[in-house]
Structure formats: C-alpha cells, structure tokens
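Structural overview for review
Spelled out from the first residue to the last, the chains are:
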Amino acid sequence: GAPPSTMASEMEGRRDYEGQRNLLFKGTKYMSAVFIPVVLTMFFFAEPFIKYWMGPEFSASVIPARIIILFWVFNGTLEIAAGMLSAKAIIRRPLLIQFATAVMSIVIGLSLIRVLGISAIAIGLSLSMILVSFPFLLRLSLKSLNVTFREYYHKAIRNNLFLYVVVILLASAVSKYLYPKSISMTLAEMAAIYLTSVSAYYLIVLNKDEKRELSRLVGLETILFGDAGQAGEKITVGVNANFHHIAGANLFEGGDDKYKEYRDKWKSWPEKFQVGGFPLFIDVEVTSACNLKCPFCATTFRGDTIKKGFMPFDILARIIDEGKENSLYGVKYNIRGEPLLHPEIHRFVEYAKKGGLVDVYFNTNAMLLDEKAAGRLIEAGLDRISVSFEGYTKDMYEKHRVGAVYETVLANIAGLQSLKKRLGVSHPKVRVQTVMLPDVEPVFGEYTKFWKERADEVAFLDYKEMKVKKRGIKYAWACPQIWQRMAIWWDGTILPCNHDDDALLALGNIRDMTIAEAWHSDKLNALRKKHRGGSAHEIPACDGCYLRDSEILKSMGEKKDI
C-alpha cells in the first residue's frame, strides 16, 4: 500500500479518524517489529562491525555509535506518530519541539565535547531525542487522535516487548560467547539473530490476522498465505466506517469483560464473514412516528409511505426473551422514528436490562427528554443515549431539525447531565452527534469545543444522500450489518439490516418465526453469499442502499452531490 504518511493524509481528507488511529497502532507495531530488532542487534555488534569493516584504529567510535543507536530506537518508534502530525497539518508546535531538541543537543554536545570528544555529540543527539522530541511529539500526536498513552502502549508497544527482549538476550549472548572473527561472520550472526527473533515473534505472539498484516508489509503474503489471502482482501468490510468519534470518552471502548467480548465480536465477525449462533445486536423500532421534519431524513420525505405505529409490549418481550436465551448483547430502540414518543420506552429499557443486555440505548432528538423522562430512563438503567444535533447555534440547528426548539434541547441535555450528578450515577452516557452536512463541516471545530463540555462524547456520522439512489455501482464491498445485527420494525417485521426502508428483504414476522430462524434462514445466507462474493449490486435492496452507496463512494475517493 501507500507509505503511512500518505495513507494518513488520505484518511484526513475523508475524515477517517478511526482509520488514522488504526494506522498509528498497527503502523507503529509492525514497523517497529521490522526495524528495531536491526537497531538493537547493531548495538551489541557495534564493536566487531566497526573493527572488521572500518579497522581497529576506529575502535574509539564504538561508544558514540552505540549512543547514536539509542537515538534510532526512539526515532523508529516515533516515525508513524510524527507522520500523523504532518497529515493533520499540525506544523507550528512540532517545529518548536524540534527547535528545542536541536538547542538541547547543541548545548549538551558543546558542554561535553572537550571531555568526551565525539561521544558528546552522540550524547547530545540521543538525550535530546529521548527527553524532548520523543515524549512531546508523541504526546501531541496522541492528543490529536484522542488516544491515551495507555491505549497506545497496549495496542502498539506491549506485544513488541517480547521481541525486543529476545533480540537483546540473543545478541548479548552471541556477541559475548561467539564473538565473530570476520566481517562476514559478524553479518551472518546478526542476520541469524534477526531472523530467529522475528520468527519467534511471528509464530508465538501474533494471531492469524496480525501475521497476514505483517506478511503484507514485508511482501510475503502470497508466499505464506497463497492466493486466497489476496482474494479475501478484495472485499471491503467497513465496520463502523460511517461513525467517527471526535472528543470525550469513546463509548464503544471500556466496559467489563462481557462488553469487551461483544465489541471484539462486533469487529471480527464481519471481517471474517463469521455467522454466529445469534445476532449480537438488534435494532428495535419502538415507533415509526417522529415529532420533527428533518429535510435530510428519509422519514420526512417518504412521508405517508411509512406506516406509523407503536410496538406493543408483547412483541418487545418476545424479542428480549429470545435474546437473553441466546446471549444477545444489545438493542437500540429506534430505526425510523423518535423513541421518546413511545409512552412505555422506560419499561422497554428496564425489561432489556433485566434480561442481562449490556448495551441498551437509542438515538433521540431530545425534545421530549424532560426531567421526568430522564429520571425514568436513569432508573430503568439505560446505558447510553445519542442526541442528534446539527451545529451549535440556534439558526443552524433549527434549520436542519425542523420542529425542534434549540433552547429546549439544550436545557434537556443539561438537565439529564445534572440529574445524573445529583443521583450519583454515570448512566446513561450522553453522546452528541451530527450528520456531517455541508454547512456543518466548516464550523465543526467550534461544534466540538461547544459540545465536549456538555456531553460525554462528541461524534459525527457521514452524510448519506437519501433522496436519490445511485444504482448499478459495482464494487467489492460487503455490508457488516448482516454478520452483526438484525432489525425488527414496530409491527414485528424482521429485516437483515436497518437500511431496508421498503422491507424488500423482509425475512418474516416475529409473531410467526423466531429471530434465530431468521438469522440462519436460506434467504439471509444467500444475501451474505452475494456480499461475500462482491456481488451485492445484484440485490435490488442493496443496489442503491444509502449506506452502501456512501461507503463505496468514500472508498473510491469520490464525493456525492449534496
């Protein structure tokens, strides 16, 4: 693929911040795994290498060389993180950090040069990197991506420590007890140590997906995995690709072991095309009615074609009862309507939580989220709530959320947060998110600043053109939803995803069949086969799907007419 800095710039252009985070983690992990063992091996073999390559008269260079090597250990680890700053056009502060690094290097070098000679220059260079450049540039890069050092360590560094320890032990032992007697023997021993340590890391530490990623990096994927590996890579599966966490706590992370298991499966099942015994999650439409007329929403412009109704409790109970017997992890209580319109929404939440579900939430416009409603939802145990809010000013918000009142929604969000504090609870976590509309994008920085003080998380969703469907786009893209979740409308209609507004893919009704039967039905399996084979465009409901359309055009680097 493209160099990491180029990939990071492309991701910045399409606001793929999750992709940048993954590039930071994986790029640092794999590039360090390839590069740093070479550097560490050279540290221990600096003496024989210089002796046989340059001559015994250069033996005084061994200590400066080893000191310089320390510089390269930290510089190699920092490479990807520093590239992220360039991709984000963060220039001024990195320049100041580099200037401070240079000044420190010069000061240390000049102060010690009469005593230590050339070693002073090496010490100045390495110390300035270790004490200034590395920590401050890394901190700046992590902050720009909303990544904590703990997360960075666990995802990019921790597994590599095994490799570094193996290299150090092997190199120190071999250089001491099998001291090379020529330059060819020096190079041979260094190569043997490198290959042995990296092979041990590859075989013992990495899982199958990580092995494939590292093999691709060094150009050995076809040799190690055959053509099947490359063929699998042709299908794009974007898990949560249209959602972008920006500030605050990432509500998809953390939690207990069960929640982490759920999120791991959420990612791995679609990526591996794995059909589990039961869906991980169900979108439950408690009502198809809405109290707003947002111009960009299908519920508005489809009007009377959407039959309005409210889900009775017996259908909800049927869903949750089957779910809790089959390890269902979560539900979202909306698809096309406003869930707070349902008079029993708090009862629905309570029933799901008593059923052992770990992720119970819904999206809302929050117009009806008054203190009474908030109190009921807190008592019921709602895990999280996403408030849809375009912009941060009254004019912009009420332009896009037609029928809403800016002051009312702000007061309701503040009231919920205040009530949580008074009751001493942390739930529900409040996410404020916007659809990235054309006039929201220029003020998104101000939007983030405004909302990160008022919500637990700030995020945005990619804009999806819903008025005009783009038909006939052939692209090897597979929808992750059909391996993760299902959708059930208020009347019991079971669907394989939450984007089939015309119910073209309806699998049946929950009054007549179980969720498990629908999940393993021939119809849904045939649908999965089409997606897995890159032929989703042959399915009428998927050809022109808002989600498929927007994700493919984003992957192709194109932009919709909006």
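In the block above lies the structure referred to throughout.
This structure is a prediction, so every number in the text was calculated from the model and none was measured.

Moving on to the overall build of the protein. Counting secondary structure elements, the protein contains 23 helices and 10 strands. When the 562 residues of the protein are sorted by exposure, 52% land in the buried category. Here the protein has roughly 26,000 Å² of accessible surface; of this, 59% comes from carbon and sulfur atoms.

Turning next to empty space enclosed by the protein. The full count for this structure, using the stated rule, is 2 cavities of 30 Å³ or more. Taken as a whole, the second largest cavity spans an internal volume of roughly 180 Å³. Forming the walls of the second largest cavity are 19 residues, and the residues nearest its centre are Cys497, His499, Ala541, Cys542 and Cys545. If you tally residues by element for the lining of the second largest cavity, the top one is helix α23 (residues 546–555), at 3 residues. Within the lining of the second largest cavity, the residues separate by chemical class into 12 nonpolar, 2 polar and 5 charged.

Our next topic: the environment of Glu390. Relative to the elements of secondary structure, Glu390 occurs in the loop between β5 (384–388) and α17 (394–400). Overall, the relative accessible area of 0% leaves Glu390 in the buried class. Linking Glu390 and His400, residues 10 residues apart in sequence, is a C-alpha distance of 6.7 Å. Discounting chain neighbours no more than four positions away, the residues touching Glu390 are Phe296, Met396, Tyr397, His400, Arg401, Gln433, Thr434, Val435, Leu437, Val440 and Tyr447. Among the polar contacts made by the side chain of Glu390, one reaches the side chain of Arg401 at a distance of 2.5 Å. At 2.8 Å, the side chain of Glu390 forms a polar contact with the backbone nitrogen of Val435.

Its volume calculated, the second largest pocket comes out at about 630 Å³. Considering the residues around the second largest pocket, the lining is formed by 23 residues, among which Lys88, Lys143, Ser144, Asn146 and Ile246 are closest to the centre. Secondary-structure elements contributing two or more residues to the lining of the second largest pocket are α2 (17–44), α6 (118–144), β1 (243–248) and α19 (444–452). The biggest single contributor to the lining of the second largest pocket is α19, with 5 residues.

This paragraph deals with a nonpolar patch on the surface. A contiguous nonpolar patch, built from Trp53, Met54 and Phe58 and spanning about 340 Å² of accessible area, is present on the exposed surface. Mapped onto the secondary structure, Met54 falls in the loop between α3 (46–53) and α4 (62–87).

This part takes up the nonpolar core. Formed by 95 residues in total, the largest nonpolar core has its most connected members in Val284, Met311, Ile319, Val331, Tyr333, Phe362 and Val432. Here the element with the most residues in this core is helix α14 (residues 313–325); it accounts for 6 residues. Residues within four places of Met311 in sequence aside, it is in contact with Val284, Glu285, Val286, Leu316, Ile319, His342, Phe348, Ile488, Trp489 and Trp490. Counting 24 residues, the second-largest nonpolar core is a separate cluster that includes Ile80, Leu85, Val132 and Val147.

Considering the arrangement of structural elements, one finds Val387 in strand β5. Accessibility expressed as a relative area gives 1% for Val387, which makes it buried. As a C-alpha pair, Val387 and Val409 span 22 residues in sequence and 9.2 Å in three-dimensional space.

Attention shifts here to the packing of α3 against helix α9 (residues 183–205). Here α3 crosses α9 at 150°, and the two axes come no closer than 9 Å. Put simply, α3 runs roughly antiparallel to α9. For α3 against α9, the interelement crossing comes out left-handed. For the pair α3 and α9, the contacting residues are Pro48, Phe49, Tyr52 and Trp53 in the first and Ile183, Thr186, Leu187 and Met190 in the second. Residue composition of the contact of α3 with α9, by class: 7 nonpolar, 1 polar and no charged.

Here the focus is a positive patch on the surface. On the surface, Arg92, Arg93, Arg139, Lys143, Lys449 and Lys452 cluster together to form a positively charged patch. Secondary structure elements with two or more residues in the positive patch: α5 (92–116), α6 and α19. The exposed category is assigned to Arg139, whose relative accessible area is 52%.

So, on to the pairing of β5. Taking burial as the measure, the 5 residues of β5 include 5 buried ones, the bulk of the element. Side chains Arg384, Ser386 and Ser388 project from β5 onto one buried face, and the interleaved Ile385 and Val387 project onto a second face that is buried too. Two elements, strand β4 (residues 359–364) and β5, share 4 bridges in a ladder whose sense is parallel. Counterpart to Phe362 in the pairing with β5 is Ile385. Viewed along the sheet, the connection from β4 through helix α16 (residues 371–380) into β5 turns out right-handed. In terms of strand pairing, β5 meets strand β6 (residues 429–435) through 5 bridges, oriented parallel. Across the sheet, the residue bridging to Ser386 is Arg431, located in β6.

Procedures and definitions
Residues numbered from 1 in each chain as written. Predicted model: local features only at pLDDT ≥ 70, side-chain atom pairs only at ≥ 80, totals over all residues. Heavy atoms only, no water. Helix = DSSP H or I, 4+ residues; strand = E, 2+ residues; numbered from the N terminus. Buried < 20%, exposed > 50% of the residue type's maximum accessible area, 1.4 Å probe, protein only. Areas by Shrake-Rupley, 256 points an atom, 1.4 Å probe, with all protein chains shown as cover. 1 Å grid on protein atoms, 1.4 Å probe; cavity = no way out; pocket = protein on both sides within 12 Å on 5 of 7 lines; lining within 4 Å. Points joined across faces, edges and corners; volume = space filled by probe spheres on them. Nonpolar A, V, L, I, M, F, W, Y, C, P; charged D, E, K, R; others polar. Contact = heavy atoms within 4.5 Å. Polar contact = N/O pair within 3.5 Å; in protein donor to acceptor, adjacent residues only side chain to side chain. Patch = residues over 30% accessible without salt bridge, like charges linked within 9 Å, V, L, I, M, F, W, Y side chains within 5 Å. Salt bridge = Lys/Arg side-chain N within 4 Å of Asp/Glu carboxyl O. Core = buried A, V, L, I, M, F, W, Y, C linked by side-chain atoms within 4.5 Å. Axes fitted to C-alpha atoms, helices over the stretch in contact; angles between N-to-C directions. Parallel < 35°, antiparallel > 145°, perpendicular 65-115°, else oblique. Left-handed = near helix turned anticlockwise from the far one by under 90°. Lys, Arg positive; Asp, Glu negative; His and termini not counted. Charge placed at Lys NZ, Arg CZ, Asp CG, Glu CD. Pairing = 2+ DSSP bridges. Right-handed = clockwise from strand over helix to strand, strands pointing away.

Take it as geometry only, folks, not as evidence of what the structure does.
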